[in-house]
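Each chain, letter by letter, is given below.
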Amino acid sequence: MIDQSHLTAFGDDGFVVLRGIFDPVPLAVEVTRALDDGFGSSPRNIGRAGNEFRYLPMMSERTPVSLALIDEFPELAARLLGRRVLPVRAKGTRYFGGTEWHSDSDLDIASLGFVAYLEALDADNGALRVISGSHRPESLSPTHAAVAGLCALSGQAVSTEPGDVIVFDEHLWHSSSGGHDRRQWRIDFVADPTTVVETDAVRRYFGAIFQPGWDGGYDVDRYPSYGPDWRQRSGFWNARLAELGAYDGADQEESAVRSAR
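Source: prediction; values computed, not measured.

J.: Give me the packing of aromatic side chains: which residues, what numbers.
T.: In this description, an aromatic ring pair is defined by two values, namely the gap between the centres and the angle between the planes. Tallying each qualifying case throughout the model produces 12 aromatic pairs. Grouped by ring-pair contacts, the aromatic residues F39, F53, Y55, Y95 and Y218 constitute a single cluster. The positively charged end of K91 is found above the aromatic ring belonging to Y55, 4.8 Å away from the centroid. Between R231 and the ring centre of Y247, over which it is positioned, the NZ or CZ distance is 4.2 Å.

This is how it looks when you write it as structure tokens:
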């Protein structure tokens, strides 16, 4: 899927677009079906970037298209980061409206996201906007001053068609504007830690994702983050994700949701 120009662009800019690399129709059908099936009358969620959304994990036997697509990307993620990676989780999301400037991680560990939008998006209807190069530590720091400066910028709109995938460093600053209802599929990868410091960072990474008390509004039994089907098929990843707290974190979050309901 990639050559040296992609690797260079990812390193310099913090993102790269892979055009037309999968059939979007089966995924669009599956994302829509899962979102319709997984939610009842739950209200929309409000993110820290001011965005309204509904999402659910697509990691089970109910989402085979998503599972197959996950398998396509680990080797590519490893090439882009230059090291072995671990899958985080795949999600289907429906966004409503815009998203303020933010980055998805401020931890000192490499991670990236593969994002596929299921509608054609451009600068006028909610395409992802990025600040090229803002993933580099020397470029921007996550301070209030930096955020204020970013908000004054329009950034670069990354136009996409269904079947395209945007791969971006999770430290990259990004936003969206002008959009309405739009669907997204996403899978993230984090570097497999090799030191004590990195291991601590990855544990905190998973700890930020899975928080008892958070209720996304979806059916956690039908759409678990790491259900039995995933754990049966994931091989090497099982041991590492368990060691790093991903499975315990997901189990505790979902158990808390069941208790609260």
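J.: Describe helix α6 (residues 196–209), and please don't skip the residues or the numbers.
T.: With 14 residues, α6 should reach 20 Å at 1.5 Å per residue; the first-to-last C-alpha distance of 20 Å fits that figure. Listed as buried for α6 are E198, A201, V202, Y205 and F206. The buried side chains of α6 occupy one side of the element, clustering within an arc of 135 degrees when seen end-on. Within α6, the exposed residues directed more than 90 degrees away from the buried face are V196 and V197.

J.: Now, about the sheet that holds strand β3 (residues 52–57): what can you tell me, with residues and values included?
T.: Taken together, seven strands build an open sheet; the order of strands is β1-β9-β6-β11-β4-β3-β2 and the sheet is antiparallel. Looking along the sheet, the strands with just one partner apiece sit at the ends: β1 (15–18) and β2 (45–46). Taken together, the nine bridges between strand β4 (residues 85–96) and strand β11 (residues 182–191) define a ladder with antiparallel strand orientation. Following the sheet pairing, V85 is matched in β11 by A191. Taken strand by strand, α6 contacts β4, β6 (111–117) and β11, and its axis lies near 155 degrees from that of β11.

Rules used in this analysis
- Residues numbered from 1 in each chain as written.
- Predicted model: local features only at pLDDT ≥ 70, side-chain atom pairs only at ≥ 80, totals over all residues.
- Heavy atoms only, no water.
- Phe/Tyr/Trp six-rings, centres within 6.5 Å; stacked < 30°, edge-to-face > 60°.
- Lys NZ or Arg CZ within 6 Å of the ring centre and 35° of its normal.
- Helix = DSSP H or I, 4+ residues; strand = E, 2+ residues; numbered from the N terminus.
- Expected span 1.5 Å × (residues − 1).
- Buried < 20%, exposed > 50% of the residue type's maximum accessible area, 1.4 Å probe, protein only.
- Arc of directions from axis to C-beta.
- Pairing = 2+ DSSP bridges.
- Contact = heavy atoms within 4.5 Å.
- Axes fitted to C-alpha atoms, helices over the stretch in contact; angles between N-to-C directions.

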